[in-house]
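Summary of the model geometry
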Protein chains: 4
Amino acid sequence: MSDERRSPGRPRSQSAREAILTAALELVGEVGYAGLTIDGIANRAGVGKQTIYRWWASKADVLLEAGAALADVRVPVQDCGSYEADLRAFLKASYRIVNQPQMADLLRAVMAEAQINPAFGDRLRSEFLQRRREAFAIITARARDRGDLPERPAPGTVADIVFGTIWYRVMATHQAFDKRLVDDLAALLARPSSGSSGRRRSAGAGT
Amino acid sequence: MSDERRSPGRPRSQSAREAILTAALELVGEVGYAGLTIDGIANRAGVGKQTIYRWWASKADVLLEAGAALADVRVPVQDCGSYEADLRAFLKASYRIVNQPQMADLLRAVMAEAQINPAFGDRLRSEFLQRRREAFAIITARARDRGDLPERPAPGTVADIVFGTIWYRVMATHQAFDKRLVDDLAALLARPSSGSSGRRRSAGAGT
Amino acid sequence: MSDERRSPGRPRSQSAREAILTAALELVGEVGYAGLTIDGIANRAGVGKQTIYRWWASKADVLLEAGAALADVRVPVQDCGSYEADLRAFLKASYRIVNQPQMADLLRAVMAEAQINPAFGDRLRSEFLQRRREAFAIITARARDRGDLPERPAPGTVADIVFGTIWYRVMATHQAFDKRLVDDLAALLARPSSGSSGRRRSAGAGT
Amino acid sequence: MSDERRSPGRPRSQSAREAILTAALELVGEVGYAGLTIDGIANRAGVGKQTIYRWWASKADVLLEAGAALADVRVPVQDCGSYEADLRAFLKASYRIVNQPQMADLLRAVMAEAQINPAFGDRLRSEFLQRRREAFAIITARARDRGDLPERPAPGTVADIVFGTIWYRVMATHQAFDKRLVDDLAALLARPSSGSSGRRRSAGAGT
DNA sequence: GGTTAAGCGAGACGGTACGTCCGGTCTTCCT
DNA sequence: AGGAAGACCGGACGTACCGTCTCGCTTAACC
């Protein structure tokens, strides 16, 4: 029934894979991304360099996969009753991810590499950033259905604002992503648009 | 009258300085930041490597200084009559800077380097990011005095939102910084704080 | 009678053996000995690397065995009537071997490897060079018995001169091993020693 | 007067050059040619790898230059009175070179590399082997003039025999190049050709 | 006819050296 | 003293092979 035809040849070593991801995470914490080298990861992991090059295109890709495990905190997509509550839940989940010890350094590193290496930038977008945006899109879509989504800005722009603010704090100001920011963003973005359009929607929802 | 006591020895060559900045800008456009090397800049500029190392700490510092010329578009700090108008003026000026041809690439490069090289990160913050925030702070301070600054978020957080959104578009989505975003951000941030909470706070403050 | 007790397990694949020897010969002609790799031989032969390592110690050993087939031209050991005629017959046989198309390259390769890898050097001596010397020793021994062997040089030194000259042409000058060299060497080495000993022998032969 | 216009830039470091040649000679003695690496030479010499690659094309070229110093024993070209005496003097000089402690290993290595790397083979021929042959050619030319050069073999073939025998002992039999071989070769090659041709020449020379 | 044992193609593994590139320093001569 | 030139040491890069290993499979001999 199952089509899991094993390919011929020695199978990939899971222990090597895990040792590499662990070593990369440890090393980036100890020596920073600039000091991180494939040689260093290979030595720490007790692995040949080729084994890294065989499965990852760059040290940033290793980090990205290592980070995927840490970022396993699943975004809460269940309905909290209102757009603002949904927003707050999403932001709190993001807050928990970003405030993990090695996570901020890792995020800085992968975003930096994405600027320098366009091919990695594409991978970062498709395998990480886009997924986060899609999760967020669930919230705005639900709010639109529910009727409490402000008319402006458009959902894509809202995502830019939310993610942009978080990334800016991580990369530029090195300020903590604290609960106050959760409150500020949720309140700001959930507040009905000024002018007639907002009222119209409220009226519609109230009917 | 003038205190320009010339130091002894041969003075710094202005032609070399300009050739270096020009070469760096050209090369980063041709080969990207990853392909940019001190050797390459020196060759293109017809200059010895040592001349670069004498005056700049890294290729990112060369770019930062090269970019300063491009970013000469001075932020408008004059009063436009309302917080929203001031915001819109500031955002339009930023829009003009970011949309210069080589500027987005240059911004990406220096922000990436800042993540990788902490010492450069400090220089970027103190010599560029902080200056932009200070210019923006004039606007929020004036709005506070004028009385049309929403109570929340705090001015620093507003700056995080504004700059964060712009940087995120430059670095993550590669979306254009268009006039629609100017409108959205100005409208969103100038809109008065929502209903009861704002009033409650005012009431509390008044007691 | 026969003790050919077959060991259990799958017997060695003759088709794999032949494919390997053929692939090695082809490849050394196409890419040279430096470009010859075990991986390359295995791929060309459609064989796993392990199958090569199981039966040969190095790529030079593969070539040595591959060359053994080409060098099948057996040295003529039958008596031609005189030392000079025997010499000439031996040299002509060597000439036919060396002038085979792939043979000179193969000889160069194995002699080079013997200099670099002492263990292979021992194998080359015992399995190839020494056999050739033993074949040659038959000629000098017969000449001694017959009485037309010059007193000097000693047979071992004569072998050094004969083989040395051939190898030098193959390795150092890349000159063809031509019939003129056959004549020169045969005439030189069969000529009676100068001085009293030579005369004594001549006298003896004349009696 | 002198046109030794120094080129601009830092001049080549003689101390680095000598350290590299010394390190190469030491290492080839310790670990053999197969174990000799550019990395190893660079480390032993306290030098960057690039400094080696800048001036030499391969480790064999380093050895060849290192060996040139050892082989400084100049071939004696002065007239010893007879062809046989000249031959003996040349062979004794070669004997002294080959019997230097590191020399045999070095010769084996460069000749091996010449088989494997054709470009190096050309360099070895033009910079070493050919020079030795030219020195030897002086002896045969002088003998021809003097009249005591046997008619056959031709001078080039005589050189093949002399050098071939020496190289064969070094590479194939690992026998010492001893004084007995000097005597044997000198006697063999100086002995007049058999038959009338030799006598004719003697007669002519005697007139 | 099942069991055992070895050989087989495939290909991942830990390593080592390769030759290149670049960083940052230095040493020269020239201005 | 600054600058152009370019060699220097150091060290990471990504590649190529090495020789070994672990798979599933095939092929025989043996019970």
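The structure presented is a predicted model; accordingly, all values stated were derived computationally and were not measured.

Let's talk about the side chain of Arg125(D)
Examined against the element boundaries, Arg125(D) turns out to sit in helix α7 (residues 118-146). A distance of 3.2 Å separates a polar atom in the side chain of Arg125(D) from a polar atom in the side chain of Asp122(D). Non-local contacts of Arg125(D), meaning those with residues more than four positions away in its chain, are made with Met171(C), Ala172(C), His174(C) and Gln130(D).

Let's talk about the pattern of salt bridges
Going through the model one piece at a time under the given rule, you end up with 72 salt bridges over all chains. Measuring nitrogen to oxygen at the nearest pair gives 3.3 Å for the salt bridge that ties Arg146(B) to Asp86(B). Placement of Arg146(B) in helix α7 (residues 118-146) and of Asp86(B) in helix α5 (residues 83-98) is noted, with a sequence separation of 60 residues between them. Classification of Asp86(B) by relative accessible area gives buried; the value is 1%. Across the salt bridge formed by Arg125(C) and Asp122(C), the nearest N and O atoms sit 3.2 Å from each other. Here Arg125(C) and its partner Asp122(C) are both found in helix α7 (residues 118-146), three residues apart, which amounts to about one turn of the helix. Where salt bridges share partners, they join Asp79(A), Asp86(A), Arg142(A), Arg146(A) and Asp148(A) into one cluster.

So, the interface of chain B and chain A
Listed by partner, the interface residues are 37 residues for chain B and 37 residues for chain A. Both faces considered, chain B and chain A share a buried interface measuring about 3400 Å² in area, 59% of it formed by carbon and sulfur atoms. Of all residues in chain B, Gln115(B), Tyr168(B) and Arg191(B) bury the most surface against chain A, accounting for 21% of the area lost on that side. Our enumeration of links across chain B and chain A arrives at four salt bridges.

Things to note about the interface of chain C and chain D
For interface size, the figure often reported is the accessible area lost on association. Contact residues are listed per partner, giving 37 residues for chain C and 38 residues for chain D. Across the chain C/chain D interface, buried area totals approximately 3400 Å², and carbon plus sulfur atoms make up 59% of it. Summed over the shared surface of chain C and chain D, the result is four salt bridges. A salt bridge links Asp184(C) to Arg152(D); the nearest nitrogen and oxygen atoms lie 2.3 Å apart. Put simply, the parts of the chain that give the side of chain C that touches chain D at least two residues each are α1 (14-35), α6 (103-116), α7, α8 (155-173) and α9 (179-190) of chain C. With twelve residues, α8(C) is the largest single contributor of residues to the side of chain C that touches chain D. Taken together, the residues of the side of chain C that touches chain D sort by class into 18 nonpolar, nine polar and ten charged.

Reading guide: rules and limits
Residues numbered from 1 in each chain as written. Chains lettered and ligands numbered in written order. Predicted model: local features only at pLDDT ≥ 70, side-chain atom pairs only at ≥ 80, totals over all residues. Heavy atoms only, no water. Helix = DSSP H or I, 4+ residues; strand = E, 2+ residues; numbered from the N terminus. Polar contact = N/O pair within 3.5 Å; in protein donor to acceptor, adjacent residues only side chain to side chain. Contact = heavy atoms within 4.5 Å. Salt bridge = Lys/Arg side-chain N within 4 Å of Asp/Glu carboxyl O. Buried < 20%, exposed > 50% of the residue type's maximum accessible area, 1.4 Å probe, protein only. Buried area = accessible area lost by both parts, 1.4 Å probe. Nonpolar A, V, L, I, M, F, W, Y, C, P; charged D, E, K, R; others polar.

Shape is all these values report; function is a separate question.
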